[in-house]
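Single-letter residue listing:
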Amino acid sequence: MKLPALGISTTSRKGGQNLSLLIVLIVAIGLSVSTQEFLSGENTHNLVVQITPLLLVALGQAVVVLTGGLDVSVGAVIGLSAVIITLPIDPNLALALVVASALVIGVVNGLAVGALGIHPIIATLSTSTIVTGIALTLRPTPGGDVPLWLDRLVGTDVFGLPVELFWSLAAIAIGLALLQRSRLGLQIHAIGGSQSNARLAGIKVLRTQVLAYVICSMFAAAAGLFLASRISDGDAIVGLPFTLMSITAVALGGVQFTGGLGSATGVLFGCLLLGFLSNGMNLLNVSPFLQSIVSGLLLLIAIAFTRRKTIGI
Amino acid sequence: MTVTEMSSVPREPRKNTNTLHQIGRVLNLPPSVYVVIGLVLLSIYMVPVLTKTPFQMVILRQAAPIGLVVCAQLLVMRTKSIDLSVGGIFILMNYMVTSSFFTSLNPVAALAVPMAAAILIGAINGFFIARLRASAVVVTLAMGAILLGLVLFLSSGRPPGSAGDFVRFLGVGKVGIIPVAVIIWLGLAVLLEIFLRRSIYGRFVSVIGSNPTAAGLSGVPVEKTLFFTHVLAGAFAGLGGILLAGYIGMGSVKIGTDIVMISIAGVILGGITFGGGRKSIYGAILAAYALAYIFNLMTALKLGEPAKLIVQGVVIFAASAIASYNLKRN
């Protein structure tokens, strides 16, 4: 569906981000009119804390979706890194293990999809199950302590602003630099557009795919660290809802699931939209169970508007 | 070595008979065949009681709901689509057959209303995927979330009640020594196989699986076929959910979380891949049996939930790696 009035053209590789921005603005204005608390300092602070982990996961997810893949193991990676960082071992070693495990999972996902030719959903679904199994073996019930350095990075104020804001700013800066300003970003868009054409243009498709999955796992691991610190616990299944939420945010942000079209700013708008909606429904006292129905419906509507040629998966 | 491998796969002889080819031909059987053989050998060695008839009946009965949801998943996967909402359908079926409103109905309605709901869900999936051409992953993932939210909302987070007598009979009843659920599962699987082989619809499914674009260009009604496939998948998943609810007997809101994973595992183990793979249903039947067997064996070996997850993941990964290797080789 073309919406030229909103500046959505089929030639831009940014996807449908302007439509998302419009909806975000409408929802924000609607909420600030209908509730008094929405614009209050406390609620804005809450919003930042709620949106930050989602933004981290969704930016990583977008990188994979742009290559034409999908990573449903992000939730498991979040859980594993939250578990590892709270293990009773040297904090530096724990951090190294978090990074190493995310690297391994990313490489396995990337190779499974790129080299073995397994469908992304099946490949990442199986790594997701394995990783969740490992995380649950390490910590069957939530517990453990977050290292001091990480504790300082969440829930405090820097220059009078919540420190979570800086996590978000850093994430979005990395996302923008990677997708819109780097050679790798261009290559990621290219293989999402057409793998065979990208290969003919001299892009190392396998290498790019593996890198995309590694970046996605790294973002998810960062979200795991953030969540572990926020709830002061290592919980193996803390990340599972984030799989669907990240996919929803990416879809709402106008990133095309066939790959090749989408932007980091679009993902930001998608995350803001999801965050505003769940925050707004909380303020309006909507049942949390209804909220999951609403976000599912939103995803259906968002996806129905992104029409494409291919049929099926 | 080569002689035994040849004899284990009776097929027409090929001209090229180097060892690699023959190994490849053995690998070409559905992975579930090897998993079942491995499981039987392992349990004879470690837990021999599992191979006795009563235990086999227990395993088969547990395999029935898995087998039905595998049928649902293989239908959509053969048309290059996927249904990640089967978990949500299982949860909804469980809620519907155990909530007091439905258990008070007569047996026919108690079965028909949930089945109608499952078919409706399949139709909505199909509408979005076939008519609007939305990504099947996203549509069915969203549908799963909506169904889970719906059940949690309706039940306010607590399990509703217990299943009615008729549903309970479907889940745990027996004819002789054979569980009713097993008869339903195998009967429907065979019917599905005949239907897919003999009907024009079955041909359409195969053709769309090989190449949807070419199928559309040659006049195959791609949209209608895909829509109907999702409706059929909804029905199979719904019946699977009802059998599982009847087997468990009580309401539960946690029931469907791993069903999606299990259904995809079953399809892969059955030797079916996106868009095709082997056509015959016996691979999928053995796969459901193998999965139920794995869970029982691991319970018998006192392995916990995390270990089950790891084994499940490894099995799917290995099976799909072999499947895509075969695809590339051919």
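Please read all numbers here as calculations on a predicted model, not as lab measurements. (Residues numbered from 1 in each chain as written. Chains lettered and ligands numbered in written order. Predicted model: local features only at pLDDT ≥ 70, side-chain atom pairs only at ≥ 80, totals over all residues. Heavy atoms only, no water.)

K.L.:
Any chance you could explain the packing of helix α13 (residues 288–305) of chain A against helix α8 (residues 136–155) of chain B here in plain terms?
P.N.:
In a pair of packed helices, the angle between the axes and the distance between the axes together describe the arrangement. Where α13 of chain A contacts α8 of chain B, the two axes come as close as 8 Å, and the packing angle between them is 160°. Compared by their axis directions, α13 of chain A and α8 of chain B come out roughly antiparallel. The handedness of the crossing between α13 of chain A and α8 of chain B is left-handed. Together, F289, L290, S292, I293, G296, L297, L299, L300 and I303 of chain A of α13 of chain A and V138, V139, A142, A145, I146, G149, L150, L152 and F153 of chain B of α8 of chain B make up the contact between the two elements. Taken together, the residues that form the contact of α13 of chain A with α8 of chain B break down as 15 nonpolar, three polar and no charged. (Axes fitted to C-alpha atoms, helices over the stretch in contact; angles between N-to-C directions. Helix = DSSP H or I, 4+ residues; strand = E, 2+ residues; numbered from the N terminus. Parallel < 35°, antiparallel > 145°, perpendicular 65-115°, else oblique. Left-handed = near helix turned anticlockwise from the far one by under 90°. Contact = heavy atoms within 4.5 Å. Nonpolar A, V, L, I, M, F, W, Y, C, P; charged D, E, K, R; others polar.)

K.L.:
In this structure, what is going on with helix α8 (residues 183–193) of chain A? I would like to understand it.
P.N.:
Since one α-helical turn is 3.6 residues long, residues separated by three or four positions face the same way. Residue and element names in this part refer to chain A. Here α8 has its buried residues at L184, G185, Q187, I188, H189, I191 and G192. The inward-facing, buried residues of α8 abut α2 (41–66), α7 (163–181), α9 (195–200) and α10 (205–231). Between a side-chain oxygen at the N-terminus of α8 and the backbone nitrogen of L184 the separation is 3.4 Å; the capping residue is S182. (Buried < 20%, exposed > 50% of the residue type's maximum accessible area, 1.4 Å probe, protein only. Polar contact = N/O pair within 3.5 Å; in protein donor to acceptor, adjacent residues only side chain to side chain.)

K.L.:
How do you make sense of the interface of chain A and chain B when you look at a structure like this?
P.N.:
One frequent convention defines the size of an interface as the accessible area lost when the parts assemble. Taken together, the contact pairs 42 residues of chain A with 46 residues of chain B. Taking both partners together, chain A and chain B bury about 3,700 Å²; carbon and sulfur atoms supply 81% of that area. Between chain A and chain B we count zero salt bridges in total. For the pair chain A and chain B, the number of links is two residue pairs in polar contact (both at pLDDT 80 or more). At 13 residues, helix α5 (residues 120–138) of chain A tops the list of elements feeding residues into the side of chain A that touches chain B. Counted by class, the side of chain A that touches chain B contains 26 nonpolar, 13 polar and three charged residues. (Buried area = accessible area lost by both parts, 1.4 Å probe. Salt bridge = Lys/Arg side-chain N within 4 Å of Asp/Glu carboxyl O.)

K.L.:
How do you make sense of the pattern of salt bridges when you look at a structure like this?
P.N.:
Where side chains of opposite charge bring their charged atoms close, a pairing between them can arise. All names here are of chain B. Under the definition given, this model contains two salt bridges over all chains. Between E223 and R131 there is a salt bridge, and its shortest N-O distance comes to 3.2 Å. A residue pair is termed long-range when its members are at least 10 positions apart, and E223 in helix α13 (residues 222–248) and R131 in helix α7 (residues 107–131) qualify at 92 residues. Relative accessible area serves as the criterion here: at 47%, R131 is assigned to the partly exposed category. Its salt-bridge partner being R197, residue E193 comes within 2.6 Å of it at the nearest N-O pair. Within this pair, E193 and its partner R197 are both found in helix α10 (residues 180–198), separated by four residues, close to a single helical turn. With a relative accessible area of 12%, E193 lands in the buried category. What makes R197 partly exposed here is its relative accessible area of 48%.

K.L.:
For this particular structure, what's the right way to read the confidence of the model for chain B?
P.N.:
As a note on interpretation, predicted positions should not be read in detail where pLDDT is low. Confidence in the prediction for chain B averages 84 pLDDT; 87% of positions are at 70 or higher. Counted against residues more than four places away or in other chains, residues 1–15 of chain B, with its pLDDT under 50, gives 13 contacts. (pLDDT = per-residue confidence, 0-100.)

K.L.:
For this particular structure, what's the right way to read the layout of surface pockets?
P.N.:
To find leftover empty space, a probe the size of one water molecule is rolled over the atoms. The calculated volume of the second largest pocket comes to roughly 1,400 Å³. The wall of the second largest pocket is formed by 47 residues, among which G68, H119, P120 and I313 of chain A together with K80 of chain B lie closest to the centre. When contributions to the lining of the second largest pocket are tallied by element, the ones reaching two or more residues are α5, α8 and α10 of chain A together with α12 (212–217), β4 (276–277) and α16 (305–329) of chain B. In terms of residue count, the dominant contributor to the lining of the second largest pocket is α16 of chain B (five residues). Of the residues assigned to the lining of the second largest pocket, the class counts are 18 nonpolar, 24 polar and five charged. (1 Å grid on protein atoms, 1.4 Å probe; cavity = no way out; pocket = protein on both sides within 12 Å on 5 of 7 lines; lining within 4 Å. Points joined across faces, edges and corners; volume = space filled by probe spheres on them.)

K.L.:
How should helix α4 (residues 91–114) of chain A be read in this particular structure?
P.N.:
Taking 1.5 Å of rise per residue, 24 residues should cover 34 Å, and α4 of chain A covers 34 Å from first to last C-alpha, within 8% of that figure. Here α4 of chain A has its buried residues at A94, V98, S101, A102, I105, G106, N109, G110, A112 and V113 of chain A. The elements touched by buried residues of α4 of chain A are α3 (74–85), α5 and α10 of chain A together with α16 of chain B. (Expected span 1.5 Å × (residues − 1).)

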